[in-house]
Amino acid sequence: MKILTADQIKKCDSATIENGISSINLMEKAANACVDWIQVNFKQAKRFLIFCGQGNNGGDGLAIARLLYEKGFDVEVFIEKNQMKFSADAEINFKRLKLIKGIDINNFSDVLIVNNEKSVIVDALFGYGLNRELSNDFKNLIEKLNQIPVPKISIDIPTGLYADKINEEESAIFKADFTLTFQFYKRSFLHPETGKFCGKIEVLDIDLNSKFIDEVKTDYFVIDGSLIRKIYKPREDFSNKGSFGKSILIGGSYGKIGAVLMSTLSALRTGSGLTFTMAPECGNLILQSQVPEAMFIGVGEKYVDDIEVQEKAVYGIGPGLGKEKQTQKALFDFLKSYQNPMILDADALNILAESQNLNLIPKNSVITPHPLEFERLFGKTQNSFDRIELAKEKAEELQIFIVLKDHHTAVITPERKVYYNITGNSGMAKGGSGDVLTGILTSLISQKYDIEKACLFGVWLHGKAGDLAAAEFSEESMLPTDLINKIGEVFQNLS
Ligand SMILES: NC(=O)C1=CN([C@@H]2O[C@H](COP(=O)(O)OP(=O)(O)OC[C@H]3O[C@@H](n4cnc5c(N)ncnc54)[C@H](O)[C@@H]3O)[C@@H](O)[C@H]2O)[C@@H](O)CC1
Ligand SMILES: Nc1ncnc2c1ncn2[C@@H]1O[C@H](COP(=O)(O)OP(=O)(O)O)[C@@H](O)[C@H]1O
Ligand SMILES: [K+]
């Protein structure tokens, strides 16, 4: 799914209106989509307190108020009565609303004397039209609303957030439990500093102009199920183990054998035909007994001191590797003699960061840093939006894929495209989850998935398996090894 800027969404709305539907009917459609969702998800609610601005986001709120009232809910509307300069469509909806006797229209300042029991607050103050920080009056209102302990729904965007950039300050942003957004994810939903205000996101389809959406140029995308279904390649019947590639996982050191073990197991569970673990001898017994399907290649006693070059293999290097001098030398010697794309993670990245010898990374390789590893490699940035911009520069300069791990992991391609992943959960915030991803990516690339597609499929699959593990064991209790055991279920659901 494409992600558009506020400007592009406005153009998309206009293209939709030019091609048939009137703007007031489009607003009605948007409002109906919200009300349909609210009816299903807030059956028990008694009363909706709907806060409406003066632009089209407010217009949505006024229409939602009328439609909810018609469905039998109690509704109270809050507006700025002293300064009514509605947009054309909001004005029409305000007039329609005034004809209904049962809806109280209050001033923003009346909010404290409202009976809030069994109420739901709906925020339709500002949407993607926000183009400057809020005035103090709005800041005060939002701070007040944020304190009221009732469920909160934002229409299109939590008020105070921009669609596509970071705020100067976080103090005055509506804190939603649910955001009902139209047609597209907005970039701000996907970054930690801003996304935490959105709650659960529901993307409602309001049939915006598909030709415009197909043709509009953007660098930003969300990885969704339909994209994955196009990428996924079912296994051929007429095949053998040689058909599904050779994955070599390199890592482990005394006390950190589990990391490379989990990568190995993940590579197998993702379908690798032949799987090897290159690790120090101290891991031999553990690996052979825990993962008998994998072959062990001993390289060193307590840490990796050599890396063997093998033909026609895909290497995933780093989990549990450590940074011993000999290990560093082994990595550099290997990178100097081997030029095929590989996956570099964890300590392999930390070693490279310390040497700043990033040009040794073969073209089209995949690196999988978490934000701190990214900073070690490429330097500090002010915020996560700037981090993505720096990642775009570096992916292009080094001609590599950067899988920037986070709550919404981003895959950044050498062509500067950015794909955000929306599967996964905080149960994955445990040591070991990253090692699993390295195994998955190594396995997909060894099975000859195109590298960009492998990255998109890999991060999605990793998160999806994490979601299944959380559903069974809870986010608190699920382990990275539970996630590995759910990879199969994700494939079953795909085929
Ligand atoms: N026909 C359409 O264009 C549709 C628009 N929709 C709704 O319309 C919204 C966008 O509407 P608008 O473009 O009217 O914008 P908003 O309703 O988000 O904002 C209203 C206006 O407020 C002004 N403003 C911006 N920042 C401000 C600030 N800090 N303090 C005071 N005023 C400020 C701007 O001039 C802006 O246009 C979407 O988020 C969505 O909810 C939906 O109804 C779907 C169809
Ligand atoms: N809160 C979260 N929501 C979704 N995914 C998460 C969350 N926390 C961690 N993850 C995922 O778990 C993995 C953690 O990787 P990393 O930090 O390298 O851990 P490790 O120490 O196991 O290598 C990443 O793929 C990341 O996207
Ligand atoms: K809003």
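Residues numbered from 1 in each chain as written. Chains lettered and ligands numbered in written order. Predicted model: local features only at pLDDT ≥ 70, side-chain atom pairs only at ≥ 80, totals over all residues. Heavy atoms only, no water.

Going by what an unreviewed UniProt entry lists, the protein is known as Bifunctional NAD(P)H-hydrate repair enzyme and is assigned to Epilithonimonas arachidiradicis. UniProt's Subunit (unreviewed entry) comment on the protein is quoted here verbatim: "Homotetramer." (UniProt positions renumbered as here; feature names shortened; annotations may be inferred.)

Novice: What exactly am I supposed to notice about the sheet that holds strand β9 (residues 246–250) here?
Specialist: In any sheet, the strands associate via hydrogen bonds between backbone groups, in a parallel or an antiparallel arrangement. Judged by pairing direction, the sheet is mixed, and its 10 strands sit side by side in the order β8-β17-β16-β15-β14-β13-β12-β9-β10-β11 without closing on themselves. The sheet is open, and its two edges are formed by β8 (220–223) and β11 (295–298), each paired on a single side. Examined bridge by bridge, β9 and strand β10 (residues 274–279) share five bridges and lie parallel to one another. When the sheet's bridge partners are listed, I250 is paired in β10 with M278. (Pairing = 2+ DSSP bridges. Helix = DSSP H or I, 4+ residues; strand = E, 2+ residues; numbered from the N terminus.)

Novice: Any chance you could explain the UniProt feature "binding site: K(+)" (unreviewed entry) in the protein here in plain terms?
Specialist: With numbering aligned to this structure, UniProt lists the feature "binding site: K(+)" (unreviewed entry) at N57, D123 and T159. Taken along the chain, the residues just named run across 103 residues; in space they keep tight, none of their C-alpha pairs more than 9.6 Å apart. Inspection of the secondary structure assignment puts N57 in helix α3 (residues 56–70). Residue classification places N57 among the buried positions, given a relative accessible area of 9%. Not counting residues within four places of it along the chain, the set of residues in contact with N57 comprises D123, A124, L125, F126, G127, I155 and D156. Mapped onto the secondary structure, T159 falls in the loop between β5 (152–155) and β6 (178–182). Side-chain polar atoms of T159 contact the side chain of D123, separated by 2.5 Å. (Buried < 20%, exposed > 50% of the residue type's maximum accessible area, 1.4 Å probe, protein only. Contact = heavy atoms within 4.5 Å. Polar contact = N/O pair within 3.5 Å; in protein donor to acceptor, adjacent residues only side chain to side chain.)

Novice: Help me understand unusual backbone geometry, please; the structure alone is not making it clear to me.
Specialist: The phi angle of most residues is negative, glycine excepted, and most peptide bonds adopt the trans form. Positive phi is not limited to glycine here, since D156 has a value of about 70°. Structurally, D156 is set in the loop between β5 and β6. In this structure, Q183 takes a positive phi of about 70° despite not being glycine. Summarising the element assignment, Q183 is placed in the loop between β6 and α6 (192–195).

Novice: Which parts of the structure should I look at to understand the side chain of K405?
Specialist: In this structure, K405 sits in the loop between β15 (401–404) and β16 (410–412). Classification of K405 by relative accessible area gives buried; the value is 13%. Reaching out from K405, the side chain makes a polar contact with the backbone oxygen of T368 at a distance of 3.2 Å. Setting aside residues up to four positions removed in sequence, K405 forms contacts with D345, T368, P369, H370, P371, G434 and L437.

Novice: Even after reading the chapter, I still don't get the site of ligand 1, so can you show me in this structure?
Specialist: Near ligand 1, the surroundings consist of 22 residues, among which N56, N57, D60, G127 and D156 are the closest. N56 places a polar main-chain atom, nitrogen or oxygen, 2.8 Å from an oxygen atom of ligand 1. Between a nitrogen atom of ligand 1 and a main-chain N or O atom of N131, the distance comes to 3.1 Å. Out of a free accessible area of 860 Å², ligand 1 has 84% covered by protein chains. (Near = heavy atom within 4 Å. Areas by Shrake-Rupley, 256 points an atom, 1.4 Å probe, with all protein chains shown as cover.)

Novice: What's the story with the domain arrangement of the protein in this structure? I'm lost.
Specialist: The figure often quoted for interface size is the accessible area lost as the parts come together. As assigned here, the protein comprises domain 1 (6–218) and domain 2 (228–494). On a C-alpha basis, the centres of domain 1 and domain 2 stand 41 Å from each other. Overall, the association of domain 1 and domain 2 removes approximately 930 Å² of surface from exposure, summing both partners, and the carbon and sulfur fraction of that is 64%. Looking at the side of domain 1 facing domain 2, the largest losses of area belong to R187, L190 and H191, adding up to 55% of the total buried there. At the junction of domain 1 and domain 2, the tally comes to zero salt bridges. The interface formed by domain 1 and domain 2 contains four residue pairs in polar contact (both at pLDDT 80 or more). (Domains from an automatic or database assignment. Buried area = accessible area lost by both parts, 1.4 Å probe. Salt bridge = Lys/Arg side-chain N within 4 Å of Asp/Glu carboxyl O.)

Novice: Would you mind going over the pairing of strand β12 (residues 314–317) with me for this structure?
Specialist: Residues in a regular strand point their side chains to alternate faces of the sheet. Of the two faces of β12, both are covered, the one formed by V314 and G316 as well as the one formed by Y315 and I317. Here β9 runs beside β12; their pairing, made up of four bridges, is parallel. Bridge assignment links I250 to a residue of β12, and that residue is I317. Two elements, β12 and strand β13 (residues 343–344), share two bridges in a ladder whose sense is parallel. Its bridge partner lying in β13, G316 is registered against I343. You can see the chain leave β12, run along helix α11 (residues 325–337) and come back into β13, and the turn it takes is right-handed. (Right-handed = clockwise from strand over helix to strand, strands pointing away.)

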